[in-house]
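# Summary of structural features
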Amino acid sequence: MTNLQIFLDIATEAALAAGAVLQDYLGKLEDAITEKSRPGDLVTVADKASEEVILEVLRRHFPQHSILAEESGKLGNQDNEYLWAIDPLDGTTNYAHQYPAFAVSIGLLIDGVPQVGVIYDPVHNELFRAATGLGATRNRRSIKVSETSELSKSLLVTGFAYDRRETSDNNYAEFCHLTHLTQGVRRSGSAALDLAYVACGRVDGYWERGISPWDVVAGVILVQEAGGKVTAYDGTAFKIASGRILATNGKIHDNLSCELVEVPPLSSWK
Ligand code: IPD
Ligand code: CA
Ligand code: CA
């Protein structure tokens, strides 16, 4: 077995265990929901319990590896070439409202490059997995991106970061512009599922600003291994630190990129 296959299998073990924790707490949070950095940026006991389970599995198998986990921050030796990016509950707002769109996301960067990704949606029991050169799967069956080649026939998905009330760079203009140009733009509330859905062809493209590594590392490798494309908005190389991502089936990529860099201001709307 290759190292990547081993990493994939251990990440799967962690994601499934974490998903069971999320299922256990679902609908039972009562007062165990608090705000983090900003209004609306929630954290629950389920986020923390899920993260503990993931950390236990990864540390047991890979004690030398670096970790970046949403609720715990940087852990372990940060100089290691292997860095796990963990979102124990992507879609916390949905989860807190019992809206069934959330997932566990576990990605592995090797020398800064996303190479392994596992996204698990416990409500729908959907397990998305990918690793460099090993393809992308949903519940162990191969998946690929959609064939849609025209923006006017596409279905897109996006999201709005928690700083949206504090900046005019809040994705509202992009959302309106692309809603006019396509068959629709969804806002699922889980960046990990957005990327998984690009990978399996349910949506044709996804973009977002203000995202963190734990939101997207797993999803990036899923989209790439499913035959899609991931870049910055302008089509140049994707840089995690920028917080901006454009991920598509490849066929609509250039057109969507052009629209994202030429978005008319909201004030131009009638
Ligand atoms: C959020 C979700 C949401 C995205 C936000 C993320 P969280 O993650 O992925 O879809 O729009 O930018 O922060 O807080 O639920 O883990
Ligand atoms: Ca997240
Ligand atoms: Ca989260």
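For the structure given in this document, a descriptive report is provided here. Quick caveat: nothing in here was measured; it's all calculated off a predicted structure.

What counts as what
Residues numbered from 1 in each chain as written. Chains lettered and ligands numbered in written order. Predicted model: local features only at pLDDT ≥ 70, side-chain atom pairs only at ≥ 80, totals over all residues. Heavy atoms only, no water. Helix = DSSP H or I, 4+ residues; strand = E, 2+ residues; numbered from the N terminus. Rg over C-alpha atoms; globule rule 2.2 N^0.38 Å. Buried < 20%, exposed > 50% of the residue type's maximum accessible area, 1.4 Å probe, protein only. Contact = heavy atoms within 4.5 Å. Lys, Arg positive; Asp, Glu negative; His and termini not counted. Charge placed at Lys NZ, Arg CZ, Asp CG, Glu CD. Donors = N, O, S within 2.8 Å, 3.2 Å for Na, K, Ca; no water. Near = heavy atom within 4 Å. Polar contact = N/O pair within 3.5 Å; in protein donor to acceptor, adjacent residues only side chain to side chain. Areas by Shrake-Rupley, 256 points an atom, 1.4 Å probe, with all protein chains shown as cover. 1 Å grid on protein atoms, 1.4 Å probe; cavity = no way out; pocket = protein on both sides within 12 Å on 5 of 7 lines; lining within 4 Å. Sits in = over half its atoms within 2 Å of the grid points. Nonpolar A, V, L, I, M, F, W, Y, C, P; charged D, E, K, R; others polar. Domains from an automatic or database assignment. Arc of directions from axis to C-beta. Pairing = 2+ DSSP bridges. Axes fitted to C-alpha atoms, helices over the stretch in contact; angles between N-to-C directions.

## Things to note about the overall build of the protein chain
When its secondary structure is counted, the protein chain shows seven helices and 15 strands. For the protein chain, the C-alpha radius of gyration of 18 Å lies close to 18 Å, the compact-globule estimate for 270 residues. Expressed as lengths along the three principal axes of its C-alpha atoms, the size of the protein chain is roughly 55 × 45 × 35 Å. A buried classification covers 53% of the 270 residues belonging to the protein chain. When contacts within the protein chain are restricted to residue pairs at least 6 apart in sequence, those whose partners lie at least 24 apart make up 64%. For the protein chain, the separation between the mean place of its 24 positive charges and that of its 35 negative charges on side chains is 4 Å.

## Structural notes on the coordination of the calcium ion (ligand 3)
Around a metal, the perfect tetrahedron of four donors has angles of 109.5 degrees, and the perfect octahedron of six donors has angles of 90 or 180 degrees. Distances from the calcium ion (ligand 3) to its protein donors, Glu70 (OE), Asp87 (OD) and Leu89 (O), fall at 2.2 to 2.4 Å. Site description for the calcium ion (ligand 3): donor spacing in sequence, E-x16-D-x1-L. Between the calcium ion (ligand 3) and the calcium ion (ligand 2) the interatomic distance comes to 3.8 Å, and Asp87 is a ligand of both metals. With a gap of 17 residues between them, Glu70 in the loop between strand S3 (66–69) and strand S4 (73–75) and Asp87 in strand S5 (residues 82–90) connect regions that are remote in the sequence. Given a relative accessible area of 21%, Glu70 falls into the partly exposed group.

## A short note on the site of ligand 1
Near ligand 1 you find 16 residues, and of these Asp90, Gly91, Tyr162, Gly189 and Glu208 are the closest. Contacts to ligand 1 include Asp90, whose side-chain N or O atom sits 2.7 Å from an oxygen atom. Separating an oxygen atom of ligand 1 from a side-chain N or O atom of Tyr162 is a distance of 2.7 Å. Look at ligand 1: alone it shows 380 Å² of surface, and the protein chains cover 95% of it. Taken atom by atom, the bulk of ligand 1 overlaps the largest pocket. In terms of residue class, the shell around ligand 1 is made up of five nonpolar, five polar and six charged. Composition of the shell around ligand 1 by domain shows at least three residues from each of domain 1 (3–142) and domain 2 (151–268).

## Here's the deal with the coordination of the calcium ion (ligand 2)
The calcium ion (ligand 2) binds to the protein through Asp87 (OD), Asp90 (OD) and Asp215 (OD), with metal-donor distances spanning 2.1 to 2.2 Å. Binding-site remark: the calcium ion (ligand 2) is held by donors from one chain whose sequence spacing is D-x2-D-x124-D. Under the relative-accessibility criterion, Asp215 is labelled buried at 12%.

## Focus: helix H4 (residues 172–181)
If you check which residues of H4 are buried, you get Ala173, Glu174, His177 and Leu178. Seen along its axis, H4 keeps its buried residues to an arc of 115°; they face one direction. Residues of H4 that are buried sit in contact with strand S11 (155–158), strand S12 (184–187), strand S13 (205–208) and helix H7 (253–261).

## Topic: the sheet that holds S11
Strand order in the open sheet formed by five strands is S12-S11-S13-S15-S14, and the pairing between neighbours is mixed. The strands lining the two open edges of the sheet, one partner per strand, are S12 and strand S14 (229–231). The mean angle between the axes of side-by-side strands here comes to 20°, regardless of whether they run parallel or antiparallel. Helix H5 (residues 191–199) contacts S11, S13 and strand S15 (245–248) of the sheet and is inclined by roughly 150° relative to S13.

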